[in-house]
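Observations on the model geometry
What follows is the residue order along each chain.
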Amino acid sequence: RSCKRQRISLISSHKSKPYRALHMSPQCSLPAKCLPSRQLAGKHRLAGTKLNVTRAHAARSAITNTSKAVASQVADETSTSSAIFNSKSVAAVILGGGAGTRLYPLTKSRAKPAVPIGGAYRLIDVPMSNCLNSGISKMYILTQFNSVSLNRHLARTYNFGNGIMYGGSGFVEVLAATQTPGLGGKEWFQGTADAVRQYSWLFEDIKNKDVQDIVILSGDHLYRMDYMAFVAKHREVNADITIGCLPVDEERASDFGLMKIENTGRITEFAEKPKGPALTAMAVDTSILGLSEDEAKASPYIASMGIYVFKKSALLNFLNFEYPKDNDFGGEIIPKAAADGHHVQAYLFTDYWEDIGTIKSFFEANLALAKNPPQFEFYDARAPIYTSPRFLPPAKVEKCHVKDAIISHGCSLADCSVEDAIIGLRSQIGRGCKIMHAMIIGADFYETDEQKAAIVEAGGVPVGIGEGCTISNAIIDKNARIGKNCIISNAAGVEELEDEENGVYIRSGIVTILRNATIPDGTII
């Protein structure tokens, strides 16, 4: 009788015992065995009444609802466990690429994966985010050329700390090119396979003891993909190598590694970027991939996406024993492995994918992001593309005409027209400007009104696009200073031009204003 009334949970949440209902008294929240006999007798007098039925129904409902909550919690825990297992059994290697000559001058002072895209992202964010969304948290990034800005971006964006969020095993490590003893003496990375070979000892390290498969990725592609579905297919057929592939037309085929496959998807022949008769010889009936008859006629080639899954043991064997002198995956190791009878499998990818390898493809892929509807979106709640948090204010748009454009945070636009364009971080667009079919990459910093006035007084040009400018068919790189009343459109249709001294470069008819370049007032390009 002296016992205090306390609420006792209907469901025991103690993890060491099964979930169970406690016998409760109608008058008290304590278990019936704790009640005086008079109250217990009162409880039995209510048996069979509506009140008792209601209480019993409430108890059953509580148990049902709690069971659903428990089931949901178990499902979440299972999903988390699966993600942790994935991170332990799969490692990713992202290749930073070569010198990026086809993307020059955007790669003049930055690595190819560090090139900005979509107004607020960098190319490296795509494979990094795909890995995270796939549950892969062991990532190596191999770099060699102009890697300072790439390393800075990775350190700011993908810092896992001690890896607790991935079961203590997640990490992102940048592996810079170093001179290592090789067959030709001390050498830098000689190719994609050689880059992985020089760091292959890491895969035998104790922290990678659970790794079964290694995903090799490129840092200059735009796509969204579940890599674990890729790995699952690789494991299902017990392949040594699995290659991501897609059907392409004849116009683009010579830019890719091409393959022939059996009905099972096993690759029987592989040719890296064939030309002429060698290209024609690689044509196949792509209806085997599930394409319709018309689609198969339009795209008679099976192209490699440049992404691979290797069985770890097979990769180490290929790099260090079977093919120790071969330095490229697509041009040497994969064709030889297929010819030598190793199991090389194709994995069909049918969603959007773009190789951002040239100025033209980079420009067109960016502007396509602003179309409605776009073929690829960074806005996807299920599989977001991550990037560095910058804590910038929202874009400020004053009396502007905007159509089919992406305007990033931190921008300021006043009384101007923007169509079919990407306006990047911190961009300043002056009054009376017309921006059409163009990409403004943005700036790394702001200038105050006092600083701008001092620059103008000294005969200089502030960062951004000055008043009255017309810009079309152009890429304006970071921190460029475009004076007032300039016209940048390549109206003359020049295909190629190199004028780095004045900050201008034209490739495939697209004008690029170099990073930190200054274009004086009234300039016409």
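Cut-offs applied
Residues numbered from 1 in each chain as written. Predicted model: local features only at pLDDT ≥ 70, side-chain atom pairs only at ≥ 80, totals over all residues. Heavy atoms only, no water. Helix = DSSP H or I, 4+ residues; strand = E, 2+ residues; numbered from the N terminus. Buried < 20%, exposed > 50% of the residue type's maximum accessible area, 1.4 Å probe, protein only. Contact = heavy atoms within 4.5 Å. Areas by Shrake-Rupley, 256 points an atom, 1.4 Å probe, with all protein chains shown as cover. Salt bridge = Lys/Arg side-chain N within 4 Å of Asp/Glu carboxyl O. Core = buried A, V, L, I, M, F, W, Y, C linked by side-chain atoms within 4.5 Å. Phe/Tyr/Trp six-rings, centres within 6.5 Å; stacked < 30°, edge-to-face > 60°. Pairing = 2+ DSSP bridges. pLDDT = per-residue confidence, 0-100. Arc of directions from axis to C-beta. Polar contact = N/O pair within 3.5 Å; in protein donor to acceptor, adjacent residues only side chain to side chain. Axes fitted to C-alpha atoms, helices over the stretch in contact; angles between N-to-C directions. Parallel < 35°, antiparallel > 145°, perpendicular 65-115°, else oblique. Nonpolar A, V, L, I, M, F, W, Y, C, P; charged D, E, K, R; others polar.

Summing up its helical and strand segments, the protein has 13 helices and 29 strands in all. Expressed as a percentage of its 525 residues, the buried residues of the protein come to 48%. Within the protein, residue pairs in contact and separated by at least 24 positions form 61% of the contacts whose partners lie at least 6 positions apart. Accessible surface computed for the protein: about 25,700 Å², of which carbon and sulfur atoms make up 52%.

Bringing the pattern of salt bridges into the picture now. One side chain can pair with another of opposite charge once the charged atoms of both are near each other. Going through the model one piece at a time under the given rule, you end up with 17 salt bridges. In this structure, the salt-bridge partner of Asp 240 is Lys 311, at a minimum N-O distance of 4.0 Å. Remark: Lys 311 occurs in strand 13 (residues 301-311) and Asp 240 occurs in the loop between helix 6 (227-236) and strand 10 (241-248); sequence separation between them is 71 residues. The exposure class assigned to Asp 240 is buried, which follows from its relative accessible area of 17%.

On to the nonpolar core, then. Of all hydrophobic cores here, the largest spans 68 residues; its most connected members are Leu 217, Leu 222, Tyr 223 and Ile 475. Apart from residues no more than four positions distant in its own chain, Tyr 223 is found in contact with Val 126, Asn 130, Leu 217, Ile 307, Phe 349, Tyr 352, Trp 353 and Phe 376. If you look at the next biggest cluster of nonpolar residues, it comprises 41 residues, including Leu 142, Leu 202, Ile 216 and Ile 333.

On to the packing of aromatic side chains. All chains considered together, the criterion is met by 15 aromatic pairs. Ring pairing ties together the aromatic residues Tyr 308, Phe 310, Phe 318, Tyr 323 and Phe 329, which thus form one cluster.

Right, let's get into the pairing of strand 8 (residues 213-218). Within a regular strand, side chains alternate between the sheet's two faces. With six of its six residues buried, strand 8 lies for the most part within the structure. Here strand 1 (residues 90-95) pairs with strand 8 via six bridges, running parallel. Following the sheet pairing, Ile 94 is matched in strand 8 by Leu 217. Sheet analysis places strand 8 next to strand 13, joined by four bridges and oriented antiparallel. Residue pairing for strand 13: Asp 213 is matched across the bridge by Lys 311.

Here we come to the confidence of the model for the protein. Across the protein, the average pLDDT comes to 82, with 79% of residues at or above 70. Below a pLDDT of 50 lies the segment residues 1-64, which in the model reaches 55 contacts outside its immediate sequence neighbourhood of four places, other chains included. In this model residues 66-85 is a low-confidence stretch, pLDDT under 50, and it forms seven contacts with partners more than four residues away in sequence or in other chains.

The set of residues buried in helix 6 consists of Tyr 227, Met 228, Phe 230, Val 231 and His 234. When helix 6 is viewed along its axis, its buried side chains cluster within an angular range of 150 degrees and face the same direction. The distance from a side-chain oxygen at the start of helix 6 to the backbone nitrogen of Met 228 is 3.1 Å, and the residue carrying that oxygen is Asp 226. Immediately downstream of helix 6, the backbone of Asn 238 shows phi near 55 degrees, a positive value.

In this section: the packing of helix 10 (residues 312-322) against helix 11 (residues 329-339). Orientation of helix 10 relative to helix 11, taken along the N-to-C sense of each, is 110 degrees, at an axis distance of 12 Å. Our classification of the angle between helix 10 and helix 11 gives roughly perpendicular. Judged by residue contacts, Leu 315, Phe 318 and Leu 319 of helix 10 engage Phe 329, Ile 333 and Ala 337 from helix 11. In terms of residue class, the contact of helix 10 with helix 11 is made up of six nonpolar, no polar and no charged.

This part is about the environment of Thr 523. You can see Thr 523 is positioned in the segment after strand 29 (518-519). For the pair Thr 523 and Ile 487, spaced 36 residues apart in sequence, the C-alpha to C-alpha distance is 6.3 Å. Apart from the residues within four sequence positions on either side, Thr 523 is in contact with Asn 485, Cys 486 and Ile 487.

Okay, unusual backbone geometry next. Of note, the amide linkage connecting Tyr 104 to Pro 105 takes the cis form, showing an omega dihedral of 15 degrees. Non-glycine residue Phe 391 carries a positive phi angle of around 60 degrees. By the secondary structure assignment, Phe 391 is in the loop between helix 12 (359-368) and strand 16 (396-398). Positive phi outside glycine occurs at Asn 473, with the angle close to 50 degrees. Along the chain, Asn 473 falls in strand 23 (residues 470-476).

The next thing to look at is helix 10. Every buried residue of helix 10 is listed here: Lys 312, Ala 314, Leu 315, Leu 316, Phe 318 and Leu 319. Residues of helix 10 that are buried sit in contact with helix 5 (192-198), strand 8, strand 10, strand 13 and helix 11.

This next bit is on the pairing of strand 14 (residues 344-348). With four of five residues buried, strand 14 lies mostly within the body of the structure. Of the pairings in the sheet, the one linking strand 10 to strand 14 comprises five bridges and is parallel in character. Directly across from Gly 244, in strand 14, lies its bridge partner Tyr 347.

Looking at the secondary structure, you find Ser 408 in the loop between strand 17 (401-407) and strand 18 (412-414). On the basis of relative accessible area, Ser 408 is assigned to the buried category, the value being 5%. If near-sequence neighbours (up to four positions away) are discounted, Ser 408 is found in contact with Gly 119, Ala 120, Ala 395, Ile 423, Gly 424 and Leu 425.

Our next topic: the environment of Ile 524. Tracing the backbone through its elements, the reader meets Ile 524 in the segment after strand 29. A sequence separation of 33 residues divides Ile 524 from Ala 491, and the C-alpha atoms of the two residues are 9.5 Å apart.

In this structure, Lys 336 sits in helix 11. Residue Lys 336 is classed as partly exposed on the basis of its relative accessible area, which comes to 36%. Separated by 10 residues in the primary sequence, Lys 336 and Asp 326 have C-alpha atoms spaced 9.8 Å apart. For Lys 336, the residues in contact, after removing those within four places along its chain, are Tyr 323 and Asp 326.

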